[in-house]
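Residues per chain are reported as follows:
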Amino acid sequence: MANIRIKNLTLAMIMALTLITGWMIMGLWSAYHDHRHAMGHERFASAIVTAAFRLTSLTGDYMIYHQPRARDQWRSTHRSLGELLQNKDFGHIDINPEIIQIHHSHETAGRLFARLSRDSAQNQNGVFSTVLEKRLFDTLLTVNQEMVSNASLVETRNRQTIEGANDRIKKLVMGILLVFGAIIAVISLILMRRVVSPLRTLVNGIEYFGGGELDHRLKILRHDEIGDVATAFNSMADRLQESL
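Residues numbered from 1 in each chain as written. Predicted model: local features only at pLDDT ≥ 70, side-chain atom pairs only at ≥ 80, totals over all residues. Heavy atoms only, no water.

**Overview of the overall build of the chain**
The criterion, for reference: Only runs of H or I of at least four residues qualify as helices and only runs of E of at least two qualify as strands under DSSP, and these elements are numbered from the N terminus. For each residue, the accessible area found with a 1.4 Å probe, counting protein chains only, is set against the maximum for its type, and the residue is called buried under 20%, exposed over 50%, and partly exposed in between. Here a residue-residue contact requires only that any non-hydrogen atoms of the pair lie within 4.5 Å.
What the chain contains, in helices and strands, is five helices and zero strands. The buried share of the chain, taken over its 244 residues, is 34%. Counting contacts in the chain only where the partners sit at least 6 residues apart, residues at least 24 apart contribute 74% of the total.

What follows is the structure, encoded as structure tokens:
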């Protein structure tokens, strides 16, 4: 009865450890997914920061030199940023307030620059000829800066997510290793109890009998090969003792 209880307890321990391991593996996969997702968003935010800085630089170049080349480069960069914002690979864009604000700033910047490039007028000294043009330029720079700030917030949040995911992965890996170690320890104890200990009892009994203790018998009550050997040994000892 005690052996049955021990066996059931051992099986329960192994099942519990297996369930814990499965839960940890699921957590590890979740942490890996979060890490990969955040890495993609960090690259996304870095690209937005770079594009917004370039728009700011091209805006200043266009207003100072009034060259078509700077205007075309601005439009090309703005169009590339729009394509980036529409990239579905980054996912969960609609629920991110910073990304929504970047979308809004991008559209606003496009309208402002279109108006600025259409209505711009400068004198030969590079001074704005109208108060409206100066306001448009200042507003456009502000909008570009807002894009940089929001993208930086996304970048910082994703970096924190990456660090948190790395910590989770490390802890889960350590936990899985500990659980595997516990499973190996339980299996070793089972093998020790089921195999090694009876074999040691069998060897000691044979040595006692060979040393002259003819009344010694093996007390191994098992229904396996070891039990068969013990039963055969006891039968042999009985016959030998009766023959003497």
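**With respect to the nonpolar core**
Definition in use: Note on terminology: a nonpolar core comprises buried Ala, Val, Leu, Ile, Met, Phe, Trp, Tyr and Cys residues joined through side-chain atoms within 4.5 Å.
Ranked by size, the top nonpolar core spans 29 residues in total, and within it Ile48, Trp74, Leu81, Ile102, Leu140 and Met147 carry the most contacts. Elements supplying a minimum of two residues to this core: helix H1 (2-65), helix H2 (68-85), helix H3 (97-119) and helix H4 (131-210). The dominant element in this core, judged by the number of residues it contributes, is H1, at ten residues. With residues near it in sequence (within four places) discarded, Trp74 still touches Leu55, Leu58, Thr59, Ala109, Gly110, Phe113 and Leu140. Membership of the second largest hydrophobic core comes to seven residues, among which are Leu172, Ile176, Val179 and Ile183.

**Description of the pattern of salt bridges**
Convention followed: Should a side-chain nitrogen of Lys or Arg be within 4 Å of a carboxyl oxygen of Asp or Glu, the pair is scored as a salt bridge.
Throughout the structure, instances matching the rule amount to two salt bridges. The salt bridge partner of Asp72 is Arg71, with a shortest N-O separation of 3.6 Å. Judged by its relative accessible area of 24%, Arg71 is partly exposed. Note that Glu98 is salt-bridged to Arg157, the shortest N-O span being 3.1 Å. You can see Glu98 sitting in helix H3 and its partner Arg157 sitting in helix H4, a full 59 residues away along the chain.

**Quick notes on the environment of Arg159**
Tracing the backbone through its elements, the reader meets Arg159 in helix H4. Accessibility expressed as a relative area gives 35% for Arg159, which makes it partly exposed. Taking C-alpha positions, Arg159 is 7.9 Å from Met39, a pair spaced 120 residues apart along the chain.

**Looking at the packing of aromatic side chains**
Our working rule: Aromatic rings from Phe, Tyr and Trp, taking only the six-membered ring of Trp, are treated as a pair when their centres fall within 6.5 Å; an angle between ring planes under 30 degrees marks them as stacked, one over 60 as edge-to-face, and anything in between as tilted.
Per the stated rule, a full pass over the model turns up three aromatic pairs. Seen from their ring centres, Trp29 and Tyr32 are 5.7 Å apart, and the 35 degrees between their planes marks the pair as tilted. Placement of both Trp29 and Tyr32 in helix H1 is noted, with a separation of three residues, approximately one turn of the helix. Every member of this aromatic cluster is reached through a ring pair, and the members are Tyr62, Trp74 and Phe113.

**Concerning helix H5 (residues 225-243)**
Using the following cut-off: Working rule for helices: expected span equals 1.5 Å times residues minus one. In this context, the arc is that of the directions from the helix axis out to the C-beta atoms.
Taking 1.5 Å per residue, 19 residues should reach 27 Å; H5 reaches 27 Å between its end C-alpha atoms and fits that length. Every buried residue of H5 is accounted for by Ile226, Gly227, Ala230, Phe233, Asn234 and Ala237. Take H5 and look down its axis: the buried residues cluster within an arc of 125 degrees, on one side only. Away from its buried face, by an angle of more than 90 degrees, H5 presents the exposed residues Glu225, Asp228, Arg239, Glu242 and Ser243.

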